[in-house]
Amino acid sequence: MVGATGNVGTSVVSALESEPSVTSIVGVARRQPEWRSGKTSWRTADVSKDDLTEIFAGADAVIHLAWLFQPTHDPVTTWTCNVLGSMRVFRAAATAGVSALVHASSVGAYSPGPKDGPVDETWPTHGWPNAAYSREKAYLERVLDVFENDHPDIRVVRMRPGFTFKRESAAEQRRLFAGPLLPQRLVRPGLIPLIPDIPGLRIQALHSDDAGQAYRLAVTRPVSGAFNLAADPVIDPEVLAELFGARRMPVPPWLARSVIAAGWHLHLIPASPGLVEMALRIPIMDVTRARTVLGWRPRRTATDALRELIEGVHGGAGMATPPLASVSGLHDRMKEPAVGDGRRR
């Protein structure tokens, strides 16, 4: 499993650990975690430069989760890791002769679509060009089209989850998307009086542990193709206002984008304005195929997952892996923009 120490990766490891048919797991990450699991051994490798074929040798399946969200100010760096690095993973999997490749795509790979009715996995995956994340996810969909044609003997699965949360991911997600100035102790119901009501703000979410179970099923069942993953309900300003006990305040999309853009240009907010545009344009996904073909059922609602994240941000929750490690104190958090890629040093 490549990218085994992050938000989804740790949940996939836990899901596979509980699967009797899985006898061993090799977790691949740039940095060794303190966290340990019974069936899992760890290898250190960087997908952008290290040899992966030897690591994959003898594996029945490769799960590819590694992704560099930051620095959004340096799209060449993210392209090198995310696109070129993923292509190296795919080539190494083919060279090593694995029988299955499970790739973490995203709802962000989808072209703009409707918010008032769900789309299935046949919806175009051309992404949103202003967001590097979306461009990269969409490009890899085309790479996998070619890969499947060239390697018909390899079972390829593309997972397209919505926004994925758990309590232990709070420090990482705060670091990657909100930045060091977020007053995390104030992130809780009752302390945020207003929720911006932005037209088009309707997104889907799921709990990371439910995503982990979907990957377990993708590895252990003879399935292929794309699977949308999300739990009910759709998260919109009304749901957010109820969750926070707040009132909704109408905000036009241009104003929301301008505020984010100003913070991003000043290096105060890691999330780029293109990500806001993407979130307002991605379609609502139909998850019927995941339920009927994969046999997947989320155990937690989307609001359960988001509530966990909120509680985790408020409490500074994390986990004993480098991507998920929590940071205490504003002084340490203010060092994060200088690092630039979401890592802690």
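Data block above holds the structure.
Figured I'd write up the structure that's included with this text. Position numbers for residues count from 1 along each chain, tracking the sequence in the order it is written. Confidence filtering applies because this is a predicted model: local features only for residues at pLDDT of at least 70, side-chain atom pairs given and counted only at 80 or more, and all residues used for totals across whole chains, interfaces and linings. Only hydrogens and water are removed before side-chain values are computed, so all heavy atoms of the structure are retained for them.

## Here's the deal with the environment of Gly225
Here is step 1: Within the secondary structure, Gly225 sits in strand β9 (residues 225-229).
Here is step 2: C-alpha separation for the pair Gly225 and Val157, spaced 68 residues apart in sequence, amounts to 4.9 Å.
Here is step 3: Leaving out residues up to four positions away in the same chain, Gly225 has contacts with Val156, Val157, Arg158 and Arg289. Going along the chain from the N terminus, every DSSP run of H or I of four or more residues is numbered as a helix, and every run of E of two or more is numbered as a strand. Residue contacts follow a heavy-atom distance rule, with two residues in contact if any of their heavy atoms lie within 4.5 Å.

## Here we look at the sheet that holds strand β4 (residues 100-104)
Here is step 1: An order of β3-β4-β5-β9 is seen for the four strands of this open sheet, with the pairing classed as parallel. Of all strands in the sheet, those bounded by a partner on one side alone are β3 (61-64) and β9. Recorded for the sheet is a direction-independent mean angle of 15 degrees between the axes of neighbouring strands.
Here is step 2: Axes here refer to lines fitted to C-alpha atoms; in helices the fit is confined to the stretch in contact. Angles between the N-to-C directions go from 0 to 180 degrees. Along the sheet, helix α3 (residues 75-96) contacts β3 and β4; its crossing angle with β3, the most-contacted strand, is approximately 175 degrees. Two strands pair if DSSP finds at least two bridges between them.

## So, the sheet that holds strand β6 (residues 163-165)
Here is step 1: Across the sheet, which stays open at both edges, the three strands sit in the order β6-β8-β10 with mixed pairing between neighbours. Across the chains shown, the open sheet's two edge strands, defined by having one partner strand only, are β6 and β10 (231-235). Averaged over neighbouring strand pairs, the angle between their axes works out to 35 degrees when direction is ignored.
Here is step 2: Where strand β8 (residues 203-207) lies against β10, two bridges are found, and the strand directions are antiparallel. Looking across to β10, one finds that Ala205 is bridged to Ala231.

## Digging into a nonpolar patch on the surface
Here is step 1: Candidate patch residues must exceed 30% relative accessible area and have no salt bridge, after which like charges are joined if within 9 Å and Val, Leu, Ile, Met, Phe, Trp or Tyr side chains if within 5 Å. Shrake-Rupley sampling with a 1.4 Å probe provides the accessible areas, and residues are treated as covered by the protein chains on show and by no other component. For this analysis, a salt bridge means a side-chain nitrogen from Lys or Arg found within 4 Å of a carboxyl oxygen belonging to Asp or Glu. A cluster of nonpolar residues, Trp254, Leu255 and Val259, forms a patch on the protein surface that exposes about 320 Å² of accessible area.
Here is step 2: Mapped onto the secondary structure, Leu255 falls in helix α8 (residues 253-265).
Here is step 3: Only protein chains enter the accessibility calculation, which uses a 1.4 Å probe; a residue is then buried when its area is under 20% of its type maximum, exposed when over 50%, and partly exposed in between. Since its relative accessible area comes to 33%, Leu255 is described here as partly exposed.

## Description of the pattern of salt bridges
Here is step 1: Counted under the stated rule, the structure contains 13 salt bridges.
Here is step 2: Among the ionic pairs, Arg43 bridges to Glu54, the shortest N-O distance being 2.8 Å. With a gap of 11 residues between them, Arg43 in strand β2 (residues 40-44) and Glu54 in helix α2 (residues 53-56) connect regions that are remote in the sequence.
Here is step 3: Classification of Glu54 by relative accessible area gives partly exposed; the value is 46%.
Here is step 4: Of the charged contacts in the structure, one is a salt bridge between Arg248 and Asp197, with a shortest N-O distance of 3.5 Å. Separated by 51 residues along the polypeptide, Arg248 in strand β11 (residues 247-250) and Asp197 in strand β7 (residues 194-197) bring together distant segments of the chain.
Here is step 5: Among the charged side chains, a network of salt bridges with common partners joins Glu141, Arg142, Asp145, Glu148, Arg158 and Arg160.

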